[in-house]
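# Observations on the model geometry
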Amino acid sequence: MLGGIDLRGYNRAMADDSAATSRGFTDFETDPSRYRHWKFSVDGAVARLALSVQEEEGLGPEYTLKQNAYDLGVDIELADALQRIRFEHPAVKSLVVTSAVPRIFCAGANIYMLGKSTHAFKVNFCKFTNETRIGLEDLSKHSGVATIAALNGTAAGGGYELALACDQILLVDDGNSAVSFPEVPLLAVLPGTGGLTRLVDKRRVRRDRSDIFCTIAEGIKGRRAKDWGLVDEVPSKTGFDAAVTRRTDAAAAQSTRRAATPVALPRIGLERESDAVLRGRHVELRVDLGARVADLLLSAPAADEPVERAAMLQKGAELWALRAFRELDLALLALRLDLPGVNLVRVRTKGDGAMVARVDAALLANADDGFLNEVRLFMARTLRRYDLTAKSFFALVEPGSAFTGSLLELLLGADRAYALIADDCGQLAASAMNDGALPMTHGLTRILNRFCGDERAASAARKALSAGALGVEDAEQAGLITMALDDLDYEDEVRLAVEERASLSPDALTGMEASLRFPGPETADSKIFARLSAWQNWIFQRPNATGPGGALTNYGQPTRPSFDYRRT
Amino acid sequence: MSLDDRIPNNVDLHTDRRLQKALEQWQPKFLDWWMEMGPEGFQTKDVYLRTAISVDRDGWATFDHVKMPDYRWGIFLTPEERKRPVGFGDNPGVESFEEVPGEFRNPLRRLIVTQGDTEPASVEQQRLLGQTCPSLYDLRNLFQVNVEEGRHLWAMVYLLHRFFGRDGREEADEMLARRSGDPDKPRILETFNQPIKNWLSFFCFTMFTDRDGKYQLGALAESGFAPMRRTCQFMLTEEAHHLFVGETGITRVLRRAAQLAKEHGGDVKAGGGIPIEMVQRYINYWFSYSLDLFGSEISSNSSDYFAMGLKGRFDEEKKYADHSAREGFLEVPVVEDGRITIRQTPLRNAMNECLRDDYIKDCEAACKRWNRALEEEGAEQRVTLPNRRFHRHIGEYAQHKFNSAGELLTGPDAAARVAAELPNAEDEAWVGSLMKAVTKPGAFANWIAPPKVGINSMPADFEYVKL
Ligand SMILES: [Fe+2]
Ligand SMILES: [Fe+2]
């Protein structure tokens, strides 16, 4: 049980690919008073997260969480803690991630949990944990909170990957504690949380050494771990705490974190109205599992939404920009993990687009305030979660819609956009928020990405958008709308397109969309997701991992894996 | 003239704004096409034509003299008395589709466009024939076929306009942009790019190629997509006349050949007729080209169409007990290692072959009637249908050569032996030399016998076309 919702049906329901009725949705909201697995403390400028996984408190009943290994519930707490550092603890300038369990930092994702999960769950679990790790890096890079992994015990697999997501890694030199990637030699799968990419891209561990490191199950410890660049420092057991403090204080002293007053994040608690509707204040998700389609509706801010600094700070967590995107975030997570039967999402907006533009402008104008800057960063992360969600998104521009500024990003990020031509038809408009404040994982703006990096086409479209609100026919001309249709055609065309799409193989669509959504350059982040969705998912499906003779299947069993040694 | 008078229909055109708008734009383009590619030289003449103005017994064949550009091309769906569910495929028994299900949009559009493209194509193929008509009766029949092929185009365009939105309108425009035999924008199916240079070819075409249409329409008339089913049913009522023109045309050519042979000591040419063996070569040519239209013997497309409930077998509902066709095989002869061997083909993948089987049986019956006519005329010679493997361009046999008996030919002379059974340059020259217009009411060219009865029971010297 987590947050009062029974999750026992979780994996069973995942196996039944369209059933999301009469059972609980995963609760992605928590708060420190309810943490089971992390000890979270703040002391002045330093926050501390110590992992202490409760073996019997896993999300599912069919496994225990031994060795400080994590499952989704553990990661939900980690993600929550990182948000709270951003919003509730503006004085924090460095974060220590460590363990409260002797001799073991973290053994990674729980193998038995993975073994018992459906493939769809594994994929979305990995996606979520990756987003959390990238959020940890983003916390350092964009919010000025230095992150230090204090490995006071062994960090294996996902445990070391978590450390790799921190700026600095200290590994206790006790003759025993090691960092390791046992996935390949022991389980015949890959480290699934960006470890391979970060090893070479971020820490620049020489390629041949990385190669060795990834094939020795027991890993590397002490002096050699430092020599190879796997960690930054290997203090002795007695000197460990002092070394951590020294680095933490030094990092805090250099922090550029912007000043802010703390803003508490209250629980959102999307309302569930029957099984078919999830409703927040600004976001509504309606599900039609029979049609494999969901409708996502976002409302623009009301006319009295504050755009003056003082009033905005006053409103805090109830600011439209934060509240609406938190709700959107929860809706996306529900779509991913609890609504596997939904293949396509129709995305609509409503309300006054001009208000969105005013809010966007106010957020950017007051970016020197730590809180308001965090709001914008949160919007950016949520939109990246949208880009990385394995559902088809069709944006629908209809009378009364508000695809402006930050909400326009939803249209630009969608796989297609249909618009109804009518007298009072919806209009598109840009704000300064569309010019780089909400980048995608591979670093492009969504406008530039829409035109596959063609700067001329993108800037022409951007110019068209800034000349005031753009009617849908002009927007079609500018390449921002896939099809603008009059009332004679619109309904039928959209219905056909939606039905057609929802009838295609969801696997092929996932791969196709992931390939088409990110033209242009790669970054470490985008590589991580691409590798995850291609290699990791493929390997997880292979008999050598999950067949009867597979290593993952036989892990912990008396039988040895037997491989098909033919190379693909 | 009201809209419903201009475009007779039973599809509530006057209340369907979308359809009106689409047709308003398309109709002028259609008329331009008709003037450019329709029958050359007769557009201002009064022709005794039947027009469908409604679907009831009195309405579907209203006869009158009209100028072809004034022909009232209409849109008709055969009414259905009872609710008819999807009759075959993976989901038999579910309600028929009244709108296009999104997941079937592309296959359905492909079926409609492929069928629709043949209609204007045949008009283009036949556009010069009027100038060499063997009689006013035949000239009128040619034009009747032409305007009805035009109406069949309308029927398919209706489906595109009504159910396929913008894509459908673009496809409908494309139908008018393609041209039979044009190297740059040819018609979709190769048979419809073959020129029809003389009336013997015209009769063969309406006999064999229009008959393919009958079977394609018959298979679509079983469709779970109700508007297509009903459209095709109505088209079939018109198609029957085209087949009649073809079959009786060949009968009359053969009869005349037998008569002339008798009169000229066996030398049909001396009497100015078309020898029976020459007719045979034309039959070989058009029958084989028409067989291509059914597609590959083993086809996953045909299996998909069947599984989706979009295209059934001929008379699917009446003739078959098992409408899933999941079990069972059809024995399809294929060529392997230089020999013909039987391949057990899952029934669903052999749907094209099922349809071709029915078609061949139908053609064989016509062939029997031709031979009966020859017998009546006291001729010894008979005509036959070539084997289905002969002279094929599509499917299992396209890569090999067969003679008309269906035997695999392998030697260096294989191509020549195939060619020997097809019309040659001399045949074309001879038939061409006979093509002289006969336009006196009641008169017929010497190479063809008159018909037994007139159209709509009109007298022999009726002025079918007022020149
Ligand atoms: Fe036709
Ligand atoms: Fe016809």
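Residues numbered from 1 in each chain as written. Chains lettered and ligands numbered in written order. Predicted model: local features only at pLDDT ≥ 70, side-chain atom pairs only at ≥ 80, totals over all residues. Heavy atoms only, no water.

The next point concerns the overall build of chain A. Of regular secondary structure, chain A possesses 23 helices and 20 strands. Over its C-alpha trace chain A gives a radius of gyration of 24 Å, about what one expects of a compact globule, namely 24 Å for 568 residues. Sequence separation of at least 24 residues holds for 74% of the intrachain contacts in chain A that already meet a minimum separation of 6. Of the roughly 22,400 Å² of accessible surface on chain A, a fraction of 50% belongs to carbon and sulfur atoms. When the 68 positive and 76 negative side-chain charges of chain A are each reduced to one mean point, those points stand 7 Å apart. (Helix = DSSP H or I, 4+ residues; strand = E, 2+ residues; numbered from the N terminus. Rg over C-alpha atoms; globule rule 2.2 N^0.38 Å. Contact = heavy atoms within 4.5 Å. Areas by Shrake-Rupley, 256 points an atom, 1.4 Å probe, with all protein chains shown as cover. Lys, Arg positive; Asp, Glu negative; His and termini not counted. Charge placed at Lys NZ, Arg CZ, Asp CG, Glu CD.)

What follows is about the coordination of the iron ion (ligand 2). All names here are of chain B. Only Glu149 (OE), Asp210 (OD), Glu239 (OE) and His242 (ND1) from the protein reach the iron ion (ligand 2) as donors, at distances of 1.7 to 2.2 Å. Considering all 4 donor atoms around the iron ion (ligand 2), angles at the metal cover 87 to 174° and the coordination shape is irregular. Linear spacing of the donor residues for the iron ion (ligand 2) on their chain is E-x60-D-x28-E-x2-H. A separation of 3.2 Å is found between the iron ion (ligand 2) and the iron ion (ligand 1), which are bridged by Glu149. Of the two residues, Glu239 and His242 are both situated in helix α7 (residues 226–263); the distance of 3 residues between them amounts to about one turn of the helix. When sorted by exposure, Glu239 lands in the same class as His242, which is buried. (Donors = N, O, S within 2.8 Å, 3.2 Å for Na, K, Ca; no water. Tetrahedral: all angles 85-135°; square planar, octahedral: opposite > 155°, others 65-115°. Buried < 20%, exposed > 50% of the residue type's maximum accessible area, 1.4 Å probe, protein only.)

Attention shifts here to the domain arrangement of chain A. Residues and elements named next belong to chain A. In terms of domain boundaries, chain A breaks down into domain 1 (36–253) and domain 2 (271–513). Centre-to-centre, using C-alpha coordinates, domain 1 lies 34 Å away from domain 2. Contact with domain 1, which involves 14 residues of that partner, is made by 16 residues of domain 2. Here domain 1 packs against domain 2, burying approximately 1,300 Å² in sum over the two surfaces, 56% of which is carbon and sulfur. Interface area lost by domain 1 to domain 2 is led by Phe87, Asn124 and Glu131, which between them contribute 39%. With a shortest N-O distance of 2.9 Å, Glu374 and Arg86 are connected by a salt bridge. The greatest single-element share of the side of domain 1 that touches domain 2, amounting to 10 residues, is contributed by helix α4 (residues 119–143). Looking at side-chain class alone, the side of domain 1 that touches domain 2 contains 5 nonpolar, 5 polar and 4 charged residues. (Domains from an automatic or database assignment. Buried area = accessible area lost by both parts, 1.4 Å probe. Salt bridge = Lys/Arg side-chain N within 4 Å of Asp/Glu carboxyl O. Nonpolar A, V, L, I, M, F, W, Y, C, P; charged D, E, K, R; others polar.)

The final tally for this structure, using the stated rule, is 0 disulfides over all chains. Here Cys133 of chain B stays free of any disulfide, with the sulfur of Cys204 of chain B as its closest cysteine sulfur at 18 Å. (Disulfide = S-S within 2.5 Å.)

What follows deals with the environment of Trp447 of chain B. Residues and elements named next belong to chain B. Mapping Trp447 onto the fold places it in the loop between α13 (425–434) and β7 (465–466). Along the sequence, Trp447 and Ala121 sit 326 residues apart, while their C-alpha atoms lie 27 Å from each other. In contact with Trp447, not counting residues within four places along its chain, are Pro134, Trp199, Phe203, Val253, Arg256, Gly272, Gly273, Ile274, Leu434 and Met435. Within the structure, Trp447 has its side chain in polar contact with the backbone oxygen of Leu434 (distance 3.3 Å). (Polar contact = N/O pair within 3.5 Å; in protein donor to acceptor, adjacent residues only side chain to side chain.)

The subject of this paragraph is empty space enclosed by the protein. Residues and elements named next belong to chain A. As enumerated under the stated definition, the model contains 2 cavities of 30 Å³ or more in all. Estimated volume of the largest cavity: approximately 550 Å³. In terms of lining residues, the largest cavity is bounded by 32 residues, among which Ala79, Gln83, Asp329, Phe378 and Arg385 are the most central. For the lining of the largest cavity, the elements supplying multiple residues, two or more each, are α2 (72–88), α4, α12 (320–337), α14 (370–387) and α21 (524–541). Residue composition of the lining of the largest cavity, grouped by class: 14 nonpolar, 6 polar and 12 charged. Each of domain 1 (36–253) and domain 2 (271–513) contributes no fewer than three residues to the lining of the largest cavity. (1 Å grid on protein atoms, 1.4 Å probe; cavity = no way out; pocket = protein on both sides within 12 Å on 5 of 7 lines; lining within 4 Å. Points joined across faces, edges and corners; volume = space filled by probe spheres on them.)

Taken as a whole and assessed by the stated rule, the structure comprises 49 aromatic pairs over all chains. For the pair Trp320 of chain A and Phe325 of chain A, a centre-to-centre distance of 6.2 Å together with 90° between the ring planes defines the contact as edge-to-face. Note on Trp320 of chain A: relative accessible area 0%, which makes it buried. With a centroid separation of 5.5 Å and 65° between ring planes, the pair formed by Phe208 of chain B and Phe287 of chain B is classed as edge-to-face. Of this pair, Phe208 of chain B sits in helix α6 (residues 199–220) while Phe287 of chain B sits in helix α8 (residues 276–292), and the two are 79 residues apart along the sequence. Residue Phe208 of chain B shares its accessibility class with Phe287 of chain B, and that shared class is buried. Following the ring pairs from residue to residue traces out a cluster consisting of Trp26, Phe30, Trp33, Trp34, Tyr71, Trp73 and Trp154 of chain B. Taking NZ or CZ as reference, Lys269 of chain B lies 5.2 Å from the ring centre of Trp430 of chain B, over its face. Lying across the ring of Tyr320 of chain B, Arg313 of chain B places its NZ or CZ 3.6 Å from the centre. (Phe/Tyr/Trp six-rings, centres within 6.5 Å; stacked < 30°, edge-to-face > 60°. Lys NZ or Arg CZ within 6 Å of the ring centre and 35° of its normal.)

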